[in-house]
Amino acid sequence: QEEHKCLLQAAVEQAEGLEHNLRSVEAVLAEREAQLGDAQAQLSRNKLLIKELREENRGFAVALKAAELKKKSTEEKNQLLEEQASALKQLIGQITPASLSG
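Small disclaimer: the values here were computed from a predicted structure and weren't measured.

Caption draft 1: Fine view of the overall build of the protein chain. Along the backbone of the protein chain there are 1 helix and 0 strands. Computed over its C-alpha atoms, the radius of gyration of the protein chain comes to 43 Å, more than 25% above the 13 Å expected for a compact globule of 102 residues. The proportion of buried residues among the 102 residues of the protein chain is 0%. For the protein chain, the exposed area adds up to about 9,500 Å²; of that, 60% sits on carbon and sulfur atoms. Separation of charge centres in the protein chain, based on 14 positive and 17 negative side chains, amounts to 16 Å.

Pasting the structure below:
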């Protein structure tokens, strides 16, 4: 009977050890679950941020295209004004000697 008592005590101690291990594993799992939840929340925030940045970039691309078109238009107008100024200089150059001699 003493041997039976010792075996029973050993089995109880082993069960307690296993129960302690199980609680430890459950605690680790709960911590990992919380970390995973935090990581998923952060991932969701990052996805939203990326979406917002893409939309903002599209807006910047449109604004850049508009600025490039405006620059091109301004350069074309400048070129036209330079040509007109050059033509006026030539015309003035032709008129001035004629008016001085006349």
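Back to the text.
Caption draft 2: Structural view of a nonpolar patch on the surface. Taken together, the side chains of L88, L91, I92 and I95 make up a nonpolar region of the molecular surface, amounting to roughly 380 Å² of accessible area. Structurally, I92 is set in helix 1 (residues 2-101).

Caption draft 3: Molecular detail of the UniProt feature "coiled-coil region" (unreviewed entry) in the protein chain. UniProt feature "coiled-coil region" (unreviewed entry): in the numbering of this structure it lies at residues 8-91. End C-alpha to end C-alpha, residues 8-91 measures 121 Å, and it is 100% helix and 0% strand.

Caption draft 4: Region of interest: the pattern of salt bridges. One pass over the full model with this rule turns up 2 salt bridges. Across the pair E19 and R23 runs a salt bridge whose closest N-O atoms are separated by 2.8 Å. Here the residue E19 and the residue R23 both occupy positions in helix 1, the gap between them amounting to 4 residues, near one helical turn. Accessibility expressed as a relative area gives 44% for E19, which makes it partly exposed. Among the ionic pairs, K71 bridges to E75, the shortest N-O distance being 3.7 Å. On the criterion of helical spacing, the pair formed by K71 and E75 is a turn pair, its members being 4 residues apart in helix 1. When its relative accessible area of 45% is taken as the criterion, E75 is described as partly exposed.

Quick notes on the rules
- Residues numbered from 1 in each chain as written.
- Predicted model: local features only at pLDDT ≥ 70, side-chain atom pairs only at ≥ 80, totals over all residues.
- Heavy atoms only, no water.
- Helix = DSSP H or I, 4+ residues; strand = E, 2+ residues; numbered from the N terminus.
- Rg over C-alpha atoms; globule rule 2.2 N^0.38 Å.
- Buried < 20%, exposed > 50% of the residue type's maximum accessible area, 1.4 Å probe, protein only.
- Areas by Shrake-Rupley, 256 points an atom, 1.4 Å probe, with all protein chains shown as cover.
- Lys, Arg positive; Asp, Glu negative; His and termini not counted.
- Charge placed at Lys NZ, Arg CZ, Asp CG, Glu CD.
- Patch = residues over 30% accessible without salt bridge, like charges linked within 9 Å, V, L, I, M, F, W, Y side chains within 5 Å.
- Salt bridge = Lys/Arg side-chain N within 4 Å of Asp/Glu carboxyl O.
- UniProt positions renumbered as here; feature names shortened; annotations may be inferred.

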